[in-house]
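# Structural features, examined
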Amino acid sequence: MRRQRQAKIVATLGPASATKEMIKALFEAGADVFRFNFSHGTHADHHARFEIVRAVEREVGRPIAILADLQGPKLRVGQFAEGKVQLEAGQEFVLDRDTTPGDNTRVCLPHAELFEVIAAGQSLLLDDGKLRLQVESSDGQRIRTKVINGGALSDRKGVNVPDAVLPIPALTEKDKRDLAFALELGVDWIALSFVQRPEDVHEARALINGRAAVLSKLEKPAALDRLDEIVQASDAIMVARGDLGVELPPERVPGTQKRILRVCRQHGRPIVIATQMLESMITSPVPTRAEVSDVASAIYDGSDAVMLSAESANGAYPLQAVAMMDRVISEVERDPLYRNMLDAQQETPQANSADAICSALRDVTQIVGATATVTYTSSGHTSLRAARERPMAPILSITPKIATARKLALVWGVHSTISDQVHNESEMVSAACQTALKEGFAKKGDQIAITAGMPFGQPGSTNLLRLAEVWGSI
């Protein structure tokens, strides 16, 4: 099965998409990557869905990526004696370390580390930013605040601290348990939530130890101060606009999204745009025009993938949401303006053989009208570098490793296939021509451009570019 588009779709699985019939239907409708959200569900739930995805993969004969999204250090208030209180603008409200159920004057904040960094003048945002408190003082035991924007506040609602880098670990104890479980299952990507600094990525990478690729979710303003370092430390990036949109003024989110996209293109890292992309389709079979424009804008900007969250996890129309996203992407990619915008975003190649080869590959495919860009890769590096160039011809990636093929399902323009390792240039050209025919990327007489690293099988050694005319038939 070949997608007739370049950008990819990530669909979150949940109660609305837990059966084999639905998961297979979501894949056939356009989902390339399935996200397991470890903020919800049990290990048994995720294990069952993992087995279904792998069964679907075997049936359809295409590599499917699985993304395990760790919950991260989500901050929450404690509980209230009556479950909910009403805070009024102008009143005083205290957050303290007393675990006694709260009332409309105080509540427990069960995160001791926050009391050391909170200072007068900073803001605290509660319940996804619906309530805003201004800190008046903090003595290490009590944070005294003034309510700026009031409203109802109930048990365990989230707390955002936009004005401080928080001294909290990137991985909670729950995350470490979930990470160990996800790696034992054999997921392809691990998503780290609330990344603030590159050290957060390094810590997780040491635990993962090469067993999965690392995707950093950017949802804290502090991450923007060290954006280049975080992008370089990660295998991919997600713009998680939920918490980011709470902690940043809303009007800054679009510009921030474009800035992150640009940095990811510079460093050749895949980027996923997420949160509220087709939010109304949780309850409606059709999206709003604004949502369609939001998805389209992410594609015009050159995103590798766009993501559905509640729309596919627990909405009423998961299949329609994936199909709609597929149609929007396809329509954008048919627009001549799309190619013009990709070309305008082209980055200067770095001074190394891989960049030189892949930059030339992009030009060659356009000059000779190649129908496919064929990349031989062991680690995925060659295909990633080719994708950074956004060539006009689709990228047919050939690898001997199923793990690499699955990982590349997230990457723009890459159609991964599994093949035996080649040992010389003649075998390479033969296998490239046969695979291009078999997968529907070429017919007899077409030109294809092939890139690889020699010696074959050595990761990160992209140094060969070859044009070939497709011959014979499968």
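Here goes a summary of the coordinates provided. (Residues numbered from 1 in each chain as written. Predicted model: local features only at pLDDT ≥ 70, side-chain atom pairs only at ≥ 80, totals over all residues. Heavy atoms only, no water.)

Before going further, it helps to spend a moment on the overall build of the chain. For the chain, the helix and strand inventory stands at 16 helices and 21 strands. A compact globule built from 474 residues would reach a C-alpha radius of gyration of about 23 Å, and the chain, at 24 Å, matches this within 12%. Principal axes of the C-alpha set define a box for the chain whose edges measure 80 × 45 × 40 Å. For the chain, the residues scored as buried account for 57% of the 474 residues in total. Pairs at least 24 residues apart make up 68% of the contacts formed inside the chain by residues separated by at least 6 positions. For the chain, the exposed area adds up to about 18,800 Å²; of that, 50% sits on carbon and sulfur atoms. Of the side-chain charges in the chain, 54 are positive and 59 negative, and the distance between the mean point of each set is 3 Å. (Helix = DSSP H or I, 4+ residues; strand = E, 2+ residues; numbered from the N terminus. Rg over C-alpha atoms; globule rule 2.2 N^0.38 Å. Buried < 20%, exposed > 50% of the residue type's maximum accessible area, 1.4 Å probe, protein only. Contact = heavy atoms within 4.5 Å. Areas by Shrake-Rupley, 256 points an atom, 1.4 Å probe, with all protein chains shown as cover. Lys, Arg positive; Asp, Glu negative; His and termini not counted. Charge placed at Lys NZ, Arg CZ, Asp CG, Glu CD.)

This paragraph deals with helix α16 (residues 425–438). Over its 14 residues, α16 runs 20 Å from end to end, which matches the ideal 20 Å to within 8%, given 1.5 Å per residue. Where α16 is concerned, the buried positions are M428, V429, A431, A432, C433, T435, A436 and L437. In this structure, the buried residues of α16 make contact with β17 (372–376), β18 (395–399), β19 (414–418), β20 (447–453) and β21 (462–469). For α16, the N-terminal capping position is held by N424, with its side-chain oxygen 3.2 Å away from the main-chain nitrogen of S426. Just past α16, the residue G440 takes up positive phi, approximately 80°. (Expected span 1.5 Å × (residues − 1). Polar contact = N/O pair within 3.5 Å; in protein donor to acceptor, adjacent residues only side chain to side chain.)

Turning our eyes to something else, we now look at helix α11 (residues 318–334). With 17 residues, α11 extends 25 Å between its outermost C-alpha atoms, agreeing within 8% with the 24 Å of an ideal straight helix rising 1.5 Å per residue. For α11, the complete set of buried residues consists of P318, A321, V322, M324, M325, D326, V328, I329, S330, V332 and E333. On its buried face, α11 sits against β1 (8–13), α1 (20–29), α9 (289–300), β16 (305–308), α10 (310–313) and α12 (336–344).

So, on to the pairing of strand β8 (residues 131–138). Bridge analysis of strand β7 (residues 123–126) against β8 gives four bridges, and the strand direction is antiparallel. Bridged to S123 within β8 is Q134. Once β7 ends, the chain turns through four residues before running back antiparallel as β8, passing D127 with a positive phi of about 55°. Across six bridges, the pairing between β8 and strand β9 (residues 142–149) is antiparallel. Along β9, the bridge assignment pairs V135 with T145. In textbook terms, the turn of a hairpin is the stretch between consecutive antiparallel strands, and for β8 and β9 this stretch comprises three residues, one of which, G140, has a positive phi near 95°. (Pairing = 2+ DSSP bridges.)

Time to look at the environment of E82. Structurally, the position occupied by E82 is in the loop between β3 (65–69) and β4 (84–87). The spatial distance from the C-alpha of E82 to the C-alpha of F93 is 17 Å, given a sequence separation of eleven residues.

Now for the sheet that holds β20. Note on sheets: strands pair through backbone hydrogen bonds, and any given pair is parallel or antiparallel. One open sheet holds the five strands; their spatial order is β19-β18-β17-β20-β21, and the pairing between them is mixed. Single-partner strands in this sheet number two, and they are β19 and β21. If you compare each strand with its neighbour and ignore which way they point, the axes differ by 25° on average. As judged from the four bridges shared by β17 and β18, these two strands associate in the parallel manner. Bridge pairing in β18 links Y376 to I398. (Axes fitted to C-alpha atoms, helices over the stretch in contact; angles between N-to-C directions.)

This paragraph deals with the environment of L261. If you trace the backbone, L261 turns up in helix α8 (residues 253–267). The exposure class of L261 is buried, given its relative accessible area of 3%. With 178 residues separating them in the primary sequence, L261 and E439 have C-alpha atoms 31 Å apart. Setting aside chain neighbours within four positions, we find L261 in contact with I271, I273, D301, G302 and S303.

Let us look at the sheet that holds strand β11 (residues 159–160). Read from one edge to the other, the open sheet built from six strands follows the order β6-β5-β9-β8-β7-β11, with strand pairing classed as mixed. Both edges of this open sheet fall to β6 (106–108) and β11, since each of them pairs with a single strand only. As defined by bridge partners, strand β5 (residues 92–96) adjoins β6 across three bridges and the pair is classed as parallel. Bridge pairing links L95 to V107 in β6.

The next point concerns the nonpolar core. Counting 74 residues, the largest nonpolar core has F34, I190, I260 and M325 as the members making the most contacts within it. Non-local contacts of I260, meaning those with residues more than four positions away in its chain, are made with L218, L224, L227, I237, V239 and I271. Of all hydrophobic cores here, the second largest spans 25 residues; its members include L109, L133, V159 and I168. (Core = buried A, V, L, I, M, F, W, Y, C linked by side-chain atoms within 4.5 Å.)

This part covers the packing of aromatic side chains. For the structure shown, the criterion picks out two aromatic pairs. Ring centres of F38 and F181 lie 6.4 Å apart, and the angle between their planes is 65°; this geometry places the pair in the edge-to-face category. Of this pair, F38 sits in the loop between β2 (33–37) and α2 (43–60) while F181 sits in helix α3 (residues 173–185), placing them 143 residues apart in sequence. Each member of the pair, F38 together with F181, is buried. Between Y300 and Y338 the ring centres are 6.5 Å apart and the planes differ by 65°, which places this aromatic pair in the edge-to-face class. Taken together, the positions of Y300 in helix α9 and Y338 in helix α12 put the pair 38 residues apart, joining distant regions of the chain. (Phe/Tyr/Trp six-rings, centres within 6.5 Å; stacked < 30°, edge-to-face > 60°.)

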